[in-house]
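What the coordinates show
Single-letter residue listing:
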Amino acid sequence: MRVLMFGWEFPPHIAGGLGTACEGIVKGLAYNGVETLFVMPSASGDEDQSATTIINASDVPVDTVTETVDEFLDKVKFIHIGSNMIPYANPEEFGRLIEEEKRRQVKDFSISYGQKYKFSGKYGANLMEEVARYAMVGGTIALQRKDEFDVIHAHDWLTYYAGIAAKELTGKPLVIHVHATSFDRGSVDNIDTRVFAIEKRGMEIADRVVTVSDLTRNIVISRYGIDPAKVVTVHNAVDFSGRENLHVERGVKEPVVTFLGRITYQKGPEYFIEAAAKVLKRTRKVRFVMAGSGDMMNRAIRHAARLGISDRFHFTGFLRGTDVQKMFALSDVYVMPSISEPFGISPLEAMRTGVPSIISKQSGAAEVLKYAFKVDFWDVDAMADDIYALLSYPALADFSARMGYDEVNALKWNGATAKLKQVYESVVK
Amino acid sequence: MASKSICLYFQVHQPTRLRLYRFFDIGKDSHYYDDFANRTILRRVAQKCYLPMNQLMLELINKHKGKFKIAYSISGSALEQFQRFCPEVIDSFKALAATGRVEFLAETYYHSLASLASESEFRHQVEKHAARIEELFGVKPTAFRNTELIYSNGIGEMVYDMGYKTMLTEGARHIMGWQSPNFVYSGETQPHLKLLLRNYNLSDDIAFRFSNRSWDMWPLTAEKYVNWMKESAKEGDVVNLFMDYETFGEHQSAESGIFDFMRALPEAVVKDGTFGFVTPSEATRKYKPVAGIDVEDPISWADEERDLTAWLGNELQSEAFKKVYAMTEKLAIVNDPELYSDFGHLQESDHFYYMCTKFFSDGEVHKYFNPYDTPYEAFINYMNVISDFQTRLDEKRAALDVKETAVQELAAPAKTVRRKVAKKK
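Model, not experiment: these values are computed from the prediction.

1. Thoughts on the overall build of chain B
Of the regular secondary structure elements, chain B holds 17 helices and 10 strands. Considered along the principal axes of its C-alpha atoms, chain B spans approximately 90 × 50 × 40 Å. Taking all 425 residues of chain B together, 45% fall into the buried category. Expressed as a percentage of contacts within chain B between residues at least 6 apart in sequence, the contacts between residues at least 24 apart total 78%.

Below, the structure is given as structure tokens:
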């Protein structure tokens, strides 16, 4: 089995968890005897290629198309480079705009024909343009290497267009992998409709949709209207090989309860602050830390100040490199109160460090972690109760730390990717 | 002899800026200050302002043989930094003091907001400051100015109670109404306390507008300025020009001509003959108060509002303020000089100023003085320092308890015996 895989990032240069997951997946697939060609928009050359072959899309000119420009464009006509916003147009005007757009696309493509496009591979302002260009290059790569793979696998919406282009041009089956949906990025009535449209299109055209949890599977089925028969859950795993737990000398004497992640609406920072205030009413011998940054950070700081707990509730700002592990090593309880979390790797990291974790039932991780404490994200009383219990009853904390450690060490990509291999086999004729 | 007067007073202060103090530092490192920034900034301001301006003032005082007088208030925090980083500034102030034409005012040693939080802490800091001023300059202060000219009836009463008969504050529009700031006033609830009110229009012409080329009055000359003072003081006895000393050479650069303006001003005043120069204590001896000024809610010289919102205007500031002053009592019990010194520096009003979220109206001024990018960073950093300080204080307090218990245990048997005896009766 050989896979053409479209990703957006790959360690060591990553902005989010997607790159780490991709690395685990290609390594796990290699273990299961599956070869992968991993395409990414902007590779640096220092990626670990022991388990996969990395193709840097920035190095590939769009020039080996066998068909004419028109034929190529006909197959990938869903791709719009640049802005495709058309506000309030009447039918005549709309028709004119469409014609104009078509002409512009041919022009754009003719210009870019034979050219390389330098991707930033980041999540910047011209993300939409990069997504579209990535699809053009992705289609080219698929045509060039037509005989080197059996199935196409695309990770998250940024790469769905590339996956679709590859499928349209080669006729090979497409598997898309949903690590997160628009509903995990914004609240229900505040989603990016352009991203939603790309996601929906990818899911509809794909032969199989892989989700990282049943929670995400339900969103894909109910909110995107996808046929349940083609949606499969493959839970994430985590690769701890070669990881030594850090020993960090503690400064504060009190036990530390930690929130670590982006401070945004869907991570539920406010529930953590409310729970902290409740615990602090009962005992002052504890410190809370909110590590990370995000658009809700300033609001969170004001919230804690209003509750009068700022001398026991600390903010660290964005943590880099080993500071993240240092923070876990300093923690006695980890809390992930996410309102919506497709999976959530951070409690696994915490438990691997021997830190008992409290996670919201609205997270994918809750489906696989038996020894994490589970509460509804809105139930700050239950959250406070669990925090207090873990701080006050050493037997409970020791037990959950020990069992949690073993549990997360057993979650291996080798197992998850065996399931992924079955998914490939189900679509390759 | 001129019947009207000009009272020139300069505030000298430098905050003790905190270093980047992260959560990871709590309990591990109790050095809170950014020595590098403090030294660099202090030396820069000394070169640009304190040293050349002191030199100029000394020349003018000598030249005008008693006709030119000025007043200073130098915070304890600034004095400490001079001593550490640039002792020649202290020497130049001593030289000014030796002329006998310079009055040094009393204030809170740490340029703090203690007057709003704790009377005992307020008194303690004022006494500490007065003692230090007397030690350095040989004169015990008789006039008082509170941090940022903060004043209310209640603060006035405390100040008078400490023995000061003259106090400086802001001629805030919402307090003065139609009344002119160019008279001596008295406290409403403490009529023996005489008040000098800052003429903010004329003061800000120098402090804020001097180098502004889009100002329709630019450029400002000494003659023009004397005419404005005459106009303003048509009705009035004394024009009170109160400003930051750093105005000269730092906020308004030497290139703007601010030093030349100051060099020319005394001569223009003397030549015109309408005004003489007085120090604050002389002003209140020379002129009788014309009315009482009633200030229920504290006023200050800051921002458009002339109130406390620059330091205590949002929930971050109130939280930090509450947390720091909640420790006052424990500190008194522990009575440890090293802890008290940190406690004092953490009270500097500047730390609260950095947390101000009034970005819009006076944001420019706030940004100028702020080492932090956002008020949130200022708050986080400050609270981390406070957390470490609390821990140290609690440890010292606990150590005291252990000692006391030991003493009590020694005495305990005797008590038990006595109680038993009592029961038998």
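2. Some details on the packing of helix 1 (residues 18–31) of chain A against helix 15 (residues 413–427) of chain A
Residue and element names in this part refer to chain A. Axis separation between helix 1 and helix 15 bottoms out at 8 Å; the angle between their running directions is 75 degrees. One finds that helix 1 runs roughly perpendicular with respect to helix 15. Every residue of helix 15 that contacts helix 1 at Gly24, Ile25, Lys27, Gly28, Leu29 and Tyr31 is listed here: Trp413, Asn414, Ala416, Thr417, Leu420 and Lys421.

3. Digging into the interface of chain B and chain A
On the chain A side, the residues contacting the 19 residues of chain B number 15 residues. Elements with a minimum of two residues in the side of chain B that touches chain A: helix 12 (315–325) and helix 17 (375–424) of chain B. Among the elements that take part in the side of chain B that touches chain A, helix 17 of chain B stands out by supplying 8 residues, more than any other. Considered class by class, the residues forming the side of chain B that touches chain A number 9 nonpolar, 4 polar and 6 charged.

4. Re helix 7 (residues 193–205) of chain A
All names here are of chain A. For helix 7, with 13 residues, the first-to-last C-alpha span of 18 Å sits near the 18 Å given by 1.5 Å per residue. Residues Ile198, Glu199, Gly202 and Met203 constitute the buried set of helix 7. With its buried residues spanning 130 degrees around the axis, helix 7 presents them on a single face. Contacts from the buried residues of helix 7 go to strand 4 (151–155), helix 5 (160–170), strand 5 (174–178), helix 6 (182–185), strand 6 (208–211) and helix 8 (214–224).

5. Here we look at the sheet that holds strand 6 (residues 184–187) of chain B
Residues and elements named next belong to chain B. Spatial ordering of the open sheet is given by 4-5-7-6-10, a layout of 5 strands whose pairing is mixed. Sheet topology places strand 4 (143–145) and strand 10 (292–293) at the edges, where each strand pairs with a single neighbour. Strand direction decides the pairing type here: strand 6 and strand 7 (residues 194–198), joined by 3 bridges, are antiparallel. Its bridge partner lying in strand 7, Tyr185 is registered against Leu195.

6. Concerning unusual backbone geometry
Across the junction of Pro11 of chain A and Pro12 of chain A, the peptide omega takes the value 10 degrees, indicating a cis bond. As for its position among the elements, Pro12 of chain A is in the loop between strand 1 (2–6) and helix 1. Cis geometry is found at the peptide bond from Trp218 of chain B to Pro219 of chain B, where omega equals 0 degrees. With a phi close to 60 degrees, Leu149 of chain B is a non-glycine residue in the positive phi region. Following the sequence through the fold, Leu149 of chain B ends up in the loop between strand 4 and helix 5 (153–161). You can call Leu149 of chain B buried: it has 23 C-beta atoms within 10 Å. The backbone phi angle of Asn335 of chain B is positive, close to 50 degrees, even though this residue is not glycine.

7. Here's the deal with the environment of Ala207 of chain B
All names here are of chain B. Within the fold, Ala207 resides in helix 7 (residues 200–207). Along the sequence, Ala207 and Ser112 sit 95 residues apart, while their C-alpha atoms lie 22 Å from each other. Those residues in contact with Ala207, other than ones at most four positions away along the chain, are Met243, Asp244 and Thr247.

8. Observations regarding the nonpolar core
With 240 residues, the main nonpolar core has Tyr161, Ala276, Ile301, Val335 and Ile387 of chain A together with Phe379 of chain B as its most contacted residues. The greatest single-element share of this core, amounting to 9 residues, is contributed by helix 17 of chain B. Contacts of Ile387 of chain A, omitting those with residues within four sequence positions, involve Val257, Ala275, Val279, Val333, Val335 and Ile358 of chain A.

9. Remarks on the sheet that holds strand 12 (residues 357–360) of chain A
Residue and element names in this part refer to chain A. The 6 strands lie next to each other as 10-9-8-11-12-13, forming an open sheet whose pairing is parallel. Because the sheet does not close on itself, it has two edges, and the strands there are strand 10 (313–317) and strand 13 (373–375). For this sheet the average axis-to-axis angle between neighbouring strands, irrespective of direction, equals 20 degrees. Pairing analysis gives 2 bridges linking strand 8 (residues 256–260) to strand 11 (residues 333–336), with the strands arranged parallel. Looking at the pairing, Thr258 lines up with Tyr334 of strand 11. Where helix 13 (residues 380–392) meets the sheet, its contacts fall on strand 8, strand 11, strand 12 and strand 13, and the angle it forms with strand 11 comes to roughly 165 degrees.

Quick notes on the rules
- Residues numbered from 1 in each chain as written.
- Chains lettered and ligands numbered in written order.
- Predicted model: local features only at pLDDT ≥ 70, side-chain atom pairs only at ≥ 80, totals over all residues.
- Helix = DSSP H or I, 4+ residues; strand = E, 2+ residues; numbered from the N terminus.
- Buried ≥ 20, exposed ≤ 12 C-beta atoms within 10 Å, placed from the backbone.
- Contact = placed C-beta atoms within 7 Å.
- Axes fitted to C-alpha atoms, helices over the stretch in contact; angles between N-to-C directions.
- Parallel < 35°, antiparallel > 145°, perpendicular 65-115°, else oblique.
- Nonpolar A, V, L, I, M, F, W, Y, C, P; charged D, E, K, R; others polar.
- Expected span 1.5 Å × (residues − 1).
- Arc of directions from axis to C-beta.
- Pairing = 2+ DSSP bridges.
- Core = buried A, V, L, I, M, F, W, Y, C linked by C-beta atoms within 7 Å.

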